[in-house]
Amino acid sequence: MTLSYVPDGALAHRLDPRSKLLVQVAFAVVAYAYTTPRGLAVLTLVAAGCLALAGGGPRDLWAYRFALPFLLVAPLVAGATVGDPWFDVDDAAATGLASYRVLLILVVAAAYVRSTPVRESRAAVQRTVPGKPGQFLGVGVALVFRFLPLLKRDLLSAREAMRARGGGERPVRERMRIVAVAGINRAFGRADRLGTALVARCFAWNPTLPRLAFRRVDLPALALAAAMLAAAVLRVA
């Protein structure tokens, strides 16, 4: 239930990370091209299949619960109107489909995070984007994947500490302020410690990364990505 890699023997764990990144990109493209009930129904099966092949399930989506309130409220806000008819069903339905599309993209992202070590993600980015830009993006990806679980843990710790001290009695705005300030302070503290650790360990922009190679097991993933990209192109054309 965390935004981190989980060792497993599932099929997705044996894929080259570049194949999985290509599937993610293709899925996002086709999801934006087919924001219809029928298209999203098909994409639901694809997203569920990706998560299952990564050895995951609905419990893994709990890490994205912070996004669910926004996805649920968005259709209500979009449908609300000032004046008659007070609520536009068509606008609410269109926004609801868009929110569901975002949820499906998060499902595929959860499958990737669960099945891909951070070092492999960095290697995939650096070997796809040449030169310094690739190195910069690779470092950024690695730091994001390592920091998000820690920041999430800090926010949960701050909330639990506030509740233990009777903070649950405070107004919602005050509770949000306390947790946010504590989270920001801890994030800055972690950033300072990270800078010191990078200097102490002689941080290298181009370290020895794991070797990547496409294998026969990657063929279905590449074929799926190609099919989704082709479907998106046909839709636009």
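About the thresholds
- Residues numbered from 1 in each chain as written.
- Predicted model: local features only at pLDDT ≥ 70, side-chain atom pairs only at ≥ 80, totals over all residues.
- Heavy atoms only, no water.
- Helix = DSSP H or I, 4+ residues; strand = E, 2+ residues; numbered from the N terminus.
- Expected span 1.5 Å × (residues − 1).
- Polar contact = N/O pair within 3.5 Å; in protein donor to acceptor, adjacent residues only side chain to side chain.
- Patch = residues over 30% accessible without salt bridge, like charges linked within 9 Å, V, L, I, M, F, W, Y side chains within 5 Å.
- Areas by Shrake-Rupley, 256 points an atom, 1.4 Å probe, with all protein chains shown as cover.
- Salt bridge = Lys/Arg side-chain N within 4 Å of Asp/Glu carboxyl O.
- Axes fitted to C-alpha atoms, helices over the stretch in contact; angles between N-to-C directions.
- Parallel < 35°, antiparallel > 145°, perpendicular 65-115°, else oblique.
- Left-handed = near helix turned anticlockwise from the far one by under 90°.
- Contact = heavy atoms within 4.5 Å.
- UniProt positions renumbered as here; feature names shortened; annotations may be inferred.

## Considerations on helix H4 (residues 89–115)
Then, in step 1: Compared with the 39 Å implied by 1.5 Å per residue over 27 residues, the 39 Å span of H4 between its first and last C-alpha is a close match.
Then, in step 2: Two or three places before Asp90, at the opening of H4, Asp88 has a side-chain oxygen 3.0 Å from that residue's backbone nitrogen.

## Thoughts on a nonpolar patch on the surface
Then, in step 1: There is a patch of nonpolar side chains on the surface, built from Leu22, Val25, Val29 and Leu229 and spanning about 280 Å² of accessible area.
Then, in step 2: For the nonpolar patch, the element with the most residues is helix H1 (residues 17–33), which contributes three residues.
Then, in step 3: Position of Val29 among the secondary structure elements: in helix H1.

## A word on the packing of H1 against helix H8 (residues 219–236)
Helix packing for two helices is described by the angle between their axes and how far apart those axes are.
Then, in step 1: Closest axis-to-axis distance for the H1/H8 pair is 8 Å, and the angle between their directions is 25°. Our classification of the angle between H1 and H8 gives roughly parallel. Classified by chirality, the crossing of H8 by H1 is left-handed. Each of Ser19, Leu22, Val23, Ala26, Phe27, Val29, Val30 and Ala33 in H1 lies in contact with H8, whose residues at this interface are Ala221, Leu222, Leu224, Ala225, Met228, Leu229, Ala231, Ala232 and Arg235.

## Quick look at the UniProt feature "transmembrane region" (unreviewed entry) in the chain
Then, in step 1: With numbering aligned to this structure, UniProt lists the feature "transmembrane region" (unreviewed entry) at residues 21–54, 66–87 and 93–113.
Then, in step 2: Its end C-alpha atoms 14 Å apart, residues 21–54 is made of 88% helix and 0% strand.
Then, in step 3: Across residues 66–87, the secondary structure splits into 55% helix and 0% strand, with the terminal C-alpha atoms separated by 26 Å.

## Considering the environment of Val46
Then, in step 1: In this fold, Val46 is placed in helix H2 (residues 37–53).
Then, in step 2: Once the C-alpha coordinates of Val46 and Val108 are considered, the two residues, 62 residues apart in sequence, prove to be 8.7 Å apart.
Then, in step 3: Apart from the residues within four sequence positions on either side, Val46 is in contact with Phe27, Leu224 and Met228.

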